[in-house]
Amino acid sequence: MTLVLRSATLSDTDVVASLHITSWSSAYRGILSDAFLDSELKKNRYDYWRENMPRVLSGRGHVIIAEYGSNNTTSSLNQHSTPIGFACILNPDKDVGSSLVDNLHVIPGYKNIGAGTALLAAAYRWSRDHTNATQLHLEVLERNVPAIKFYESRGWQRTRRHEDVFMGTHVVEYTYIKPIYRINSRPLLPWHHTLPSNPGIVRTNNKTNKITSTSLPSQNDVPALFTPYTIRGLTFKNRIVVSPMCTYSSQIGDGHVTDWHLVHLTQFALGGAALVFTEATAVRQDGRISPYDTGIWSDDHIEGWARIVRSLHSHGSLAAIQIAHAGRKASVLPPFFPNARLPATPDMGGWTPVGPSPI
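What you see is a predicted model; the values in this text were computed from it and never measured.

Peer 1: In this structure, what is going on with the overall build of the chain? I would like to understand it.
Peer 2: Helix and strand counts for the chain come out as 6 helices and 14 strands. Split into buried and exposed, the 359 residues of the chain put 43% on the buried side. Considering only contacts in the chain between residues 6 or more positions apart, those separated by 24 or more positions represent 64%. For the chain, the computed accessible surface area is about 18600 Å², with 54% contributed by carbon and sulfur atoms.

Structure, rendered in C-alpha cells:
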C-alpha cells in the first residue's frame, strides 16, 4: 500500500468537500453543535468548495490531495487508491508575508499512516517554492486537542489566543506559525519536478504530476539546527538544548521546586527547545550550593519534579536533570544576596559543608 500526494484539479471539488465533511463530522463532534454537524454541514461544505475551489486554483493558492491504495504502475494510480485527506494553502497577503494553511484534514481510520505529516510537509514545500512567504500560519480550535498535539509535536509555535464565532458557535482559537527556510538562495523548483535530495521521501512523476510519499518529510529542507537527532534510541526533535541554570529559587532548606520552576522551565519548551535541563539539583541536602537550591535526595521531591516533566513533555520537549553535590563549596549565599558567595550561617539556613576526603 502506498501513500500518494497529488495536486488537485477542479474535478476534485466534490472529493475535497466530501473529505472535509467526513473529517469535521468526527473531529468537531462535541465542539460544534450537533444540529450543525448533522443537518447543515454537508450543504455548507459543498457550497463552500464549489464557490472557492476555482478561486484557489486560479492563482490564490494550492490544494493537495492524499490518496492511499495499491501502487499498480501499469495503470493510473487513481483507479487503485482512495482519497483520505487534503491540504489547502493560500498565498500570503501583500502586507502579511505569511501563507495560510487554510485546511488540513485526514479522515478517521487513516491518521496513523503519516498522511497528515506528509500533507503538512507538502504544504511547507509548496509555499517555500512558489511564494515569497517567510512563514506559514494556521488556526486551531482550543478544544481540538489532537490537532494541537499534532502541530506542536511537529515544531509549530503558538503565537496567540483569540475568541471567535465559528459556524455559529463561540470558540477559542490558537494561531500557530512555522518559519520558512530557504537555504543558500536555492532556486524555486517547479511543483512537478523531482527533488533529487529527497530519494524515497518525495518522488514525483512528471507525466501524472503525482507525488509518491512513503515516509517522513526530508530533513534537507531546513538547517541542521532544526532537524531531529537520535542518541541511543532517544530522538530529539531538533538540536536546541537549554543548559542548566542555577536559579536559587526553591523553598529555603527543603529543596522543593515551586510554581516558579514550572513556569521558568516550561517557557523553554514553548519556545521549541528539544531538551530542557533543570538547574544543578543536589543529591544530598548538605550538597546544595545554597539554602535555596533544588534537591532530589528525598521521595518527597518526586511529585514536584514529575509535574515539571509532564509539562515539558506536553509541549514537545524532553526533560533532563543535572545532578550535583557542591562539596566544600556548599552552603553559600546566592549571588544576588548583599553578601553574595559568603558562607551561609545557620540562621540563614546554612550548614557545615562536607568534602570527599579530609584536607
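Peer 1: What's the story with the pairing of strand S5 (residues 135–141) in this structure? I'm lost.
Peer 2: When a strand is regular, its side chains alternate between the sheet's two faces. Within S5, 5 of the 7 residues are buried, which leaves it mostly tucked inside the rest of the structure. In this fold, strand S4 (residues 98–106) hands off to helix H3 (residues 115–130), which returns the chain to S5; that crossover is right-handed. Pairing analysis gives 7 bridges linking S5 to strand S7 (residues 169–179), with the strands arranged antiparallel. In the sheet register, Leu136 faces S7, and the bridge partner there is Lys178.

Peer 1: What's the story with the sheet that holds strand S14 (residues 318–324) in this structure? I'm lost.
Peer 2: Backbone-to-backbone hydrogen bonds pair the strands of a sheet. The strands run either parallel or antiparallel. Taken in spatial order, the 3 strands make up an open sheet running S12-S13-S14, and their pairing is parallel. In the strand order of this sheet, the two ends are held by strand S12 (241–242) and S14, each with one partner. Taken together, the 6 bridges between strand S13 (residues 275–282) and S14 define a ladder with parallel strand orientation. Paired with Val276 across the two strands is Ala319, which belongs to S14. The strands touched by helix H6 (residues 302–314) are S13 and S14; relative to S14, the strand with the most contacts, the crossing angle is about 145°.

Peer 1: Hey, could you run me through a nonpolar patch on the surface in this one?
Peer 2: A surface patch of nonpolar side chains, about 320 Å² in accessible area, is lined by Val283, Ile296, Ile321 and Ile323. Tracing the sequence through the fold places Ile296 in the loop between S13 and H6. Classification of Ile296 by relative accessible area gives partly exposed; the value is 40%.

Peer 1: Would you take a moment to explain the side chain of Glu279 for this structure?
Peer 2: Relative to the assigned elements, Glu279 resides in strand S13. Buried charge without a salt bridge: Glu279, with Arg288 as the nearest opposite-charge side chain at an N-O distance of 10 Å. Within the structure, Glu279 has its side chain in polar contact with the side chain of Thr247 (distance 2.6 Å). Within the local environment of Glu279, its side chain forms a polar contact with the side chain of His261, the two groups lying 3.5 Å apart. Residues contacting Glu279, with those up to four places away along its chain left out, are Pro244, Met245, Cys246, Thr247, Tyr248, His261, Thr294 and Gln322.

Peer 1: Help me understand the environment of Ser317 in this model?
Peer 2: Within the element layout of this structure, Ser317 appears in the loop between H6 and S14. Owing to a relative accessible area of 2%, Ser317 belongs among the buried residues under this scheme. On a C-alpha basis, the gap between Ser317 and Ser153 in space is 8.8 Å, while along the polypeptide they are 164 residues apart. Those residues in contact with Ser317 that sit more than four places away from it in its chain are Lys237, Ala269, Ala273, Ala274, Val276 and Leu312. For Ser317, the side chain forms a polar contact with the main-chain oxygen of Ala273, separated by 2.4 Å.

Peer 1: Which parts of the structure should I look at to understand the pattern of salt bridges?
Peer 2: Under the counting rule described, the total for this entry stands at 13 salt bridges. Measuring nitrogen to oxygen at the nearest pair gives 3.2 Å for the salt bridge that ties Asp34 to Arg29. Note on Asp34: relative accessible area 44%, which makes it partly exposed. Between Glu152 and Arg158 there is a salt bridge, and its shortest N-O distance comes to 2.9 Å. We classify Glu152 as buried; its relative accessible area is 11%. Its relative accessible area of 37% is what places Arg158 among the partly exposed residues. If you follow the salt bridges from partner to partner, you end up with Arg6, Asp12 and Glu67 in one network.

Peer 1: It is not clear to me how the pairing of strand S6 (residues 157–166) should be interpreted in this structure. Could you clarify?
Peer 2: Examined bridge by bridge, S6 and S7 share 9 bridges and lie antiparallel to one another. Residue pairing in the sheet places Asp164 in a bridge with Val171 of S7.

Peer 1: Looking at this model, I keep getting lost on the nonpolar core. Mind explaining?
Peer 2: In summary, soluble globular proteins display a tendency toward joint burial of nonpolar side chains. Judged by nonpolar contacts, the single largest core of 55 residues is most densely connected at Tyr28, Val63, Leu119, Tyr151 and Trp156. By residue number, the principal contributor to this core is H3, which donates 8 residues. Discounting chain neighbours no more than four positions away, the residues touching Trp156 are Val101, Leu120, Leu136, His137, Leu138, Tyr151, Tyr176, Ile177 and Lys178. In terms of nonpolar packing, the next biggest core, distinct from the first, is built from 10 residues, Val242, Ala273, Val276 and Leu312 among them.

Peer 1: I'm lost on the packing of aromatic side chains in this one. Help?
Peer 2: How two aromatic rings sit relative to each other is set out by the distance from centre to centre and by the angle between their planes. Tallied over the full model, the rule gives 11 aromatic pairs. Here the aromatic rings of Trp49 and Phe86 are separated by 5.5 Å at their centres, their planes lie at 90°, and the arrangement is edge-to-face. Here Trp49, found in helix H2 (residues 34–60), pairs with Phe86, found in strand S3 (residues 81–90); they are 37 residues apart in sequence, far enough to count as distant. Here the two residues Trp49 and Phe86 agree in accessibility, since each one is buried. Ring pairing ties together the aromatic residues Tyr248, Tyr292, Phe336 and Phe337, which thus form one cluster.

Cut-off values and rules
Residues numbered from 1 in each chain as written. Predicted model: local features only at pLDDT ≥ 70, side-chain atom pairs only at ≥ 80, totals over all residues. Heavy atoms only, no water. Helix = DSSP H or I, 4+ residues; strand = E, 2+ residues; numbered from the N terminus. Buried < 20%, exposed > 50% of the residue type's maximum accessible area, 1.4 Å probe, protein only. Contact = heavy atoms within 4.5 Å. Areas by Shrake-Rupley, 256 points an atom, 1.4 Å probe, with all protein chains shown as cover. Right-handed = clockwise from strand over helix to strand, strands pointing away. Pairing = 2+ DSSP bridges. Axes fitted to C-alpha atoms, helices over the stretch in contact; angles between N-to-C directions. Patch = residues over 30% accessible without salt bridge, like charges linked within 9 Å, V, L, I, M, F, W, Y side chains within 5 Å. Salt bridge = Lys/Arg side-chain N within 4 Å of Asp/Glu carboxyl O. Lys, Arg positive; Asp, Glu negative; His and termini not counted. Polar contact = N/O pair within 3.5 Å; in protein donor to acceptor, adjacent residues only side chain to side chain. Core = buried A, V, L, I, M, F, W, Y, C linked by side-chain atoms within 4.5 Å. Phe/Tyr/Trp six-rings, centres within 6.5 Å; stacked < 30°, edge-to-face > 60°.

Read these as geometric descriptors, not functional statements.
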